[in-house]
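Close look at the chain arrangement
Spelled out from the first residue to the last, the chains are:
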Amino acid sequence: MNDNIQVIVLVNGGTIISRIDQVMSELGEPDCKLTKPRLAEGMLPWMGHLTDQTDDIMISSDKILTMVDPKQSLLDAYLTAIQ
């Protein structure tokens, strides 16, 4: 379950934690699937204020600045939040 869970820093400055998987796509189409993305601070569903579709969200990899492994405390908070 902890596989591919990353802290993701977006080019717009947003920071989320999510399981992330690369998917095959056509050129220009989103190529990363975020599963249960949460804001790194507060653990609220990412984009939850805009949509009820918060379990699986597609994003283009060019919107990602960097990804890192979460600290254990952040990972624990995330796993609790998505249960």
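We now turn to the structure provided with this report. Just so it is clear, the model here is predicted, and its values are computed rather than measured.

Of the regular secondary structure elements, the protein chain holds one helix and five strands. In the protein chain, the succession of helices and strands from N to C terminus is β-β-β-β-β-α. Against the globule reference of 12 Å for 83 residues, the protein chain gives a C-alpha radius of gyration of 12 Å, in line with a compact fold. Based on the C-alpha atoms only, the size of the protein chain along its principal axes is roughly 35 × 25 × 25 Å. Within the protein chain, contacts between residues at least 6 apart in sequence are counted, and of these 49% link residues at least 24 apart. Accessible surface computed for the protein chain: about 5500 Å², of which carbon and sulfur atoms make up 51%. The averaged location of the 12 negative side-chain charges in the protein chain is 4 Å from the averaged location of its 6 positive side-chain charges.

Side-chain alternation along strand β4 (residues 56-59) places I57 and I59 on a buried face and D56 and M58 on a face that remains uncovered. Here four bridges tie strand β3 (residues 32-39) to β4, and the two strands are oriented antiparallel to one another. Residue pairing across strands places T35 opposite D56, the latter belonging to β4.

Strand order in the open sheet formed by five strands is β4-β3-β2-β1-β5, and the pairing between neighbours is antiparallel. A single partner strand is all that each edge strand has here, and the edge strands are β4 and β5 (64-68). Going from strand to strand, the sheet's axes swing by 45° on average, the running direction of each strand aside. Alignment of strand β2 (residues 15-22) against β3, held across six bridges, turns out to be antiparallel. Of the residues in β3, the one forming a bridge with R19 is T35.

Rules and cut-offs
- Residues numbered from 1 in each chain as written.
- Predicted model: local features only at pLDDT ≥ 70, side-chain atom pairs only at ≥ 80, totals over all residues.
- Heavy atoms only, no water.
- Helix = DSSP H or I, 4+ residues; strand = E, 2+ residues; numbered from the N terminus.
- Rg over C-alpha atoms; globule rule 2.2 N^0.38 Å.
- Contact = heavy atoms within 4.5 Å.
- Areas by Shrake-Rupley, 256 points an atom, 1.4 Å probe, with all protein chains shown as cover.
- Lys, Arg positive; Asp, Glu negative; His and termini not counted.
- Charge placed at Lys NZ, Arg CZ, Asp CG, Glu CD.
- Buried < 20%, exposed > 50% of the residue type's maximum accessible area, 1.4 Å probe, protein only.
- Pairing = 2+ DSSP bridges.
- Axes fitted to C-alpha atoms, helices over the stretch in contact; angles between N-to-C directions.

What is shown is where atoms sit, not what they do.
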